[in-house]
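An overview of the molecular structure
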Amino acid sequence: MSLLRYTVYRLLQAIPVMFGIAVVTFLMVNLAPGDPVDYMISEELASEELIASIEARYGLDEPLWRQFLNYLGFSWFLGLLGVPGFADAPPGLLQGDLGLSMYYDRPVSELMLTRIPPTLMLVLSAYAFALTLAIPLGVVAANRRNKPTDHISRIIALFGVSTPSFWIGIMLIVIFGVWLGILPTGRMVYPWRDPAFYGYGNHLELWYQTLRHLFLPVVALGTLQMAVIMRVERSSMIESLQSEYVQLARAYGVSERTILRKHAFRPSQLPVITLIGLNLTTSLGGAVLIETVFAINGMGRLIVQSIQTLDYQLILGTTIVLGFVFVIGVIITDLAYAYIDPRVTYGEEA
Amino acid sequence: MSEPLLTVRDLKTQFYTDRGAVRAVDGVSFDVEQGEIVGLVGESGAGKSVTTSSILRLVEEPGEVVGGKVRYGDRTLVGFDEAAVADEDGRPKLVHSEEMLSNREMREEVRGNEIAIIFQDPMESLNPVYTVGGQVREFIQINRDMSKEEAREEAIEMLRRVGIPEAEDRYSDYPHEFSGGMRQRVLIAMALGCRPNLIIADEPTTALDVTVEGQILELVDDLVDEFDTSFIWVTHDMGVVAEICDRVNVMYLGRIVEQGPVDEIFHDTKHPYTEALLNSIPRPDRTVSDLSPIKGTMPGAMNPPAGCRFHPRCPDARRACREVEPDLLEVGLDHRSACIKHGEVGYWESEPLEHTEAQPETVEGPR
Ligand SMILES: Nc1ncnc2c1ncn2[C@@H]1O[C@H](COP(=O)(O)OP(=O)(O)OP(=O)(O)O)[C@@H](O)[C@H]1O
Ligand code: SF4
Ligand SMILES: [Mg+2]
């Protein structure tokens, strides 16, 4: 099976999984105790009419099966086809509409579109930071096994895996923000905004400021990932360096440098990729904490708020989208794996 | 005869394990002449593979070549000198000699382009994430100073010659798409493609069926005729030895027990171990019931038996065999055997050793 066919195959496979995520999340949220409308109206004496009008506004007055079809966007299609009773059905998930947030009184999709980019920027930068340090360190440590370089990098890794990221974050704020006062610790600036919005003269300055603002949260979030990746990189490289195929390359006069960069390196990346794929999505959990510590308005904070305010539509939307992100993460991992390891695509066909 | 192509003298290689030092190769000496095929035979664990990797200085931790000399033409691949300072026990310490090639010289001038090796294990020897053809091409490219395109052509040609059908198409397949026998042929193609002067082949045809083995052996014959290539051929199979080798070295527990021209070894066998080895293989002139496998298993190389290492299993062993360590002695023209029968140390006066069932079981060495 070619890589292209494998890609299409994996994407098609993801459709039923995503559908399942949407269904299960919808049911779970709806079966959870607590009535969102009660929560919304804090006054004791809400009139029947008020409650009814609110329910109508958010589509809560319809039977659950109908709400379900509405939410997924099936009703909209049925309306399009002219099925009676669905004539003016609202758009849903399939049309990119996730309903209205009760707390913000704005469309959920619109809220998320403003909150996803900061989180993506934070998580991806943290990974860029982690990888650029972890991969070379891991390779060098493996190559100089049990020598001082190796010991030092192992101590760094041990520190990295055993220190909670929010603690690192707070320490960084105290040291760089409070004592030294050389780096900003909050009020993130975003490079896609207009520089004038922050009072910067041009885009270059805005980018520079973004980097400065990102530095501490990225170090806080990325240190754990760096440590974990480095450990796996090291042990995987050690294994390859002792393999028969590396011995063979040596026997044919290939230089140690080429062995390190080619013969041993590529097969060693398989476990690293698996790890990154799994951690990228779970590290969103870490992002929630870091967003709170550094006051970044990302998805993490949005989710926390949605739960605190029992914002039914928002909880539903963010959970489903996070589930989708997870599925996409797994697919990307698989594709990267297939790209490096020829055995993967083959196995699917057999 | 002129200077041999390869001289191995008293080569010693040890592995330092948790349970002590394993003397895997313990004083091995033999020569390889230009254009000659030299057999290296012996049971599993005799030290054949370690001998071959010691020659190319490919022994990995925890192993180390600890003594002896290997010369290739006028170059010293392995050499030791006594250091000025003795070690703690007062014994002279060995240090690598001055004329021994540096690691860089080994890599650039010897490995691949002068001496190529075909590893024993075809399943693990190819890199799983690169194409088979690409791997052959890379080694040819490095060792013959060819352009990528030329090396590619050559690689396809070599794959064809070792009998890989549709070599051009299979060039871009990955190792997992090849059977064990095919991978073995790929390894052979790599060695041949680099056009080395000496090829060390570690049981290269063991995984192949008889037809393919025949083809490979023919190819080897052609190469010797065409390029005067020399071979060290490691094998269990005395049949293959008879077919292609000019001279044979029989190894037992880290030592060579008999060496000589192939005809002499087969028809004028001197060492009881060689005899036992020959008796244990099927031959056209014998029936299966005539076969007599060698008793017991070879002991580990950690504590080899005192005296002659073969004595616990030797049908001819006598009391003296437990005390005297036999040296390789001249027993014919270019024919040597390490058995005290040939010497003057009282073998014939000594009492025969009884091999009974009660004999202490020898322990299997670490693998
Ligand atoms: N890495 C190692 N660590 C410890 N001992 C080793 C190591 N490699 C080899 N040995 C020991 O060296 C001895 C010789 O091994 P070697 O692989 O040379 O045998 P061989 O003659 O090639 O056998 P076979 O026919 O099975 O390939 C064995 O006793 C083995 O246990
Ligand atoms: S020395 Fe003794 S034990 Fe060793 S091979 Fe000769 S006869 Fe057998
Ligand atoms: Mg072997």
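Model, not experiment: these values are computed from the prediction.

Right, let's talk about the sheet that holds strand 1 (residues 6-17) of chain B for a bit. Residues and elements named next belong to chain B. Pairing within the open sheet is antiparallel, and its four strands lie in the order 2-1-4-5. What marks the edges here is a single partner per strand, and that holds for strand 2 (20-32) and strand 5 (75-78). Across the sheet, the mean angle separating the axes of adjacent strands is 10° when strand polarity is ignored.

Here we take up the side chain of Ser 153 of chain A. Residues and elements named next belong to chain A. Mapped onto the elements of the fold, Ser 153 is located in helix 7 (residues 148-162). Its relative accessible area of 1% is what places Ser 153 among the buried residues. Within the local environment of Ser 153, its side chain forms a polar contact with the backbone oxygen of Asp 150, the two atoms lying 3.0 Å apart.

Residues and elements named next belong to chain B. Lining the immediate surroundings of ligand 2 are His 271, Pro 272, Cys 308, His 311, Cys 314, Asp 316, Ala 317, Cys 321, Cys 339, Ile 340 and Tyr 347. Of all the cavities here, the one that holds ligand 2 is the largest cavity. Of the residues in the shell around ligand 2, the class split is eight nonpolar, two polar and one charged.

Let's shift gears to helix 2 (residues 103-110) of chain B. Within helix 2 of chain B, burial applies to Met 106, Arg 107 and Val 110 of chain B. Viewed end-on, helix 2 of chain B has its buried residues packed into an arc of 120°, placing them on one side of the element. Of the surrounding elements, those touching the buried residues of helix 2 of chain B are helix 12 (256-263) of chain A together with helix 1 (48-55), strand 5 and strand 8 (115-118) of chain B. Taken from the residues just after helix 2 of chain B, Gly 112 of chain B is the one with a positive phi, measuring 90°.

A few words now on the confidence of the model for chain A. Residues and elements named next belong to chain A. Mean pLDDT for chain A: 86, with 94% of residues reaching 70 or above. The element-level mean pLDDT for chain A is lowest in helix 16 (residues 342-349), coming to 60, with helix 11 (residues 244-251) highest at 95. In the predicted structure, residues 346-350 sits below a pLDDT of 50 and forms seven contacts with residues beyond four places in sequence or in another chain.

The next point concerns unusual backbone geometry. With an omega of 0°, the peptide bond running from Glu 61 of chain B to Pro 62 of chain B counts as cis. As for its placement among the helices and strands, Pro 62 of chain B is situated in the loop between helix 1 and strand 4 (63-72). At Leu 310 of chain A, a position not held by glycine, the phi torsion is positive, near 50°. Residue placement: Leu 310 of chain A occurs in the loop between helix 14 (299-308) and helix 15 (312-340).

Next up on the list: the packing of aromatic side chains. Residues and elements named next belong to chain B. Enumeration according to the criterion identifies 14 aromatic pairs over all chains in this entry. On the numbers, 5.7 Å between centres and 55° between planes, the contact of Phe 231 with Trp 233 is tilted. An angle of 75° between the planes, with centres 5.1 Å apart, marks the rings of Tyr 252 and Phe 310 as edge-to-face. Remark: Phe 310 occurs in the loop between helix 10 (272-279) and strand 13 (329-332) and Tyr 252 occurs in strand 11 (residues 247-252); sequence separation between them is 58 residues. Looking at Tyr 252, the relative accessible area reads 1%, which means it is buried.

Residue and element names in this part refer to chain B. Taken together, the protein donors to the magnesium ion (ligand 3) comprise Ser 49 (OG) and Gln 120 (OE1), at separations of 1.9 to 2.3 Å. Of this pair, Ser 49 sits in helix 1 while Gln 120 sits in the loop between strand 8 and helix 3 (132-144), and the two are 71 residues apart along the sequence. Exposure remark for Ser 49: the relative accessible area of 28% places this residue in the partly exposed category. Looking at Gln 120, the relative accessible area reads 36%, which means it is partly exposed.

Turning to the packing of helix 11 of chain A against helix 12 of chain A, a few remarks are in order. The axes of two packed helices give the description: the angle between them and the distance between them. All names here are of chain A. Packing of helix 11 against helix 12 brings their axes to within 10 Å, and their N-to-C directions diverge by 145°. Along this stretch, helix 11 crosses helix 12, giving a crossing that reads as right-handed. On the side of helix 11, the interface is formed by Tyr 245, Val 246, Ala 249 and Arg 250, while helix 12 contributes Glu 256, Ile 259 and His 263. Classifying every residue of the contact of helix 11 with helix 12 by side-chain character gives four nonpolar, one polar and two charged.

What follows covers the layout of surface pockets. Residue and element names in this part refer to chain A. Here the second largest pocket is characterised by a volume of approximately 480 Å³. Counting only elements with at least two residues in the lining of the second largest pocket, the list comes to helix 6 (108-143), helix 13 (265-293) and helix 15. With eight residues, helix 15 is the single largest residue contributor to the lining of the second largest pocket.

Cut-offs used in this document
Residues numbered from 1 in each chain as written. Chains lettered and ligands numbered in written order. Predicted model: local features only at pLDDT ≥ 70, side-chain atom pairs only at ≥ 80, totals over all residues. Heavy atoms only, no water. Pairing = 2+ DSSP bridges. Helix = DSSP H or I, 4+ residues; strand = E, 2+ residues; numbered from the N terminus. Axes fitted to C-alpha atoms, helices over the stretch in contact; angles between N-to-C directions. Buried < 20%, exposed > 50% of the residue type's maximum accessible area, 1.4 Å probe, protein only. Polar contact = N/O pair within 3.5 Å; in protein donor to acceptor, adjacent residues only side chain to side chain. Near = heavy atom within 4 Å. 1 Å grid on protein atoms, 1.4 Å probe; cavity = no way out; pocket = protein on both sides within 12 Å on 5 of 7 lines; lining within 4 Å. Sits in = over half its atoms within 2 Å of the grid points. Nonpolar A, V, L, I, M, F, W, Y, C, P; charged D, E, K, R; others polar. Arc of directions from axis to C-beta. Contact = heavy atoms within 4.5 Å. pLDDT = per-residue confidence, 0-100. Phe/Tyr/Trp six-rings, centres within 6.5 Å; stacked < 30°, edge-to-face > 60°. Donors = N, O, S within 2.8 Å, 3.2 Å for Na, K, Ca; no water. Left-handed = near helix turned anticlockwise from the far one by under 90°. Points joined across faces, edges and corners; volume = space filled by probe spheres on them.

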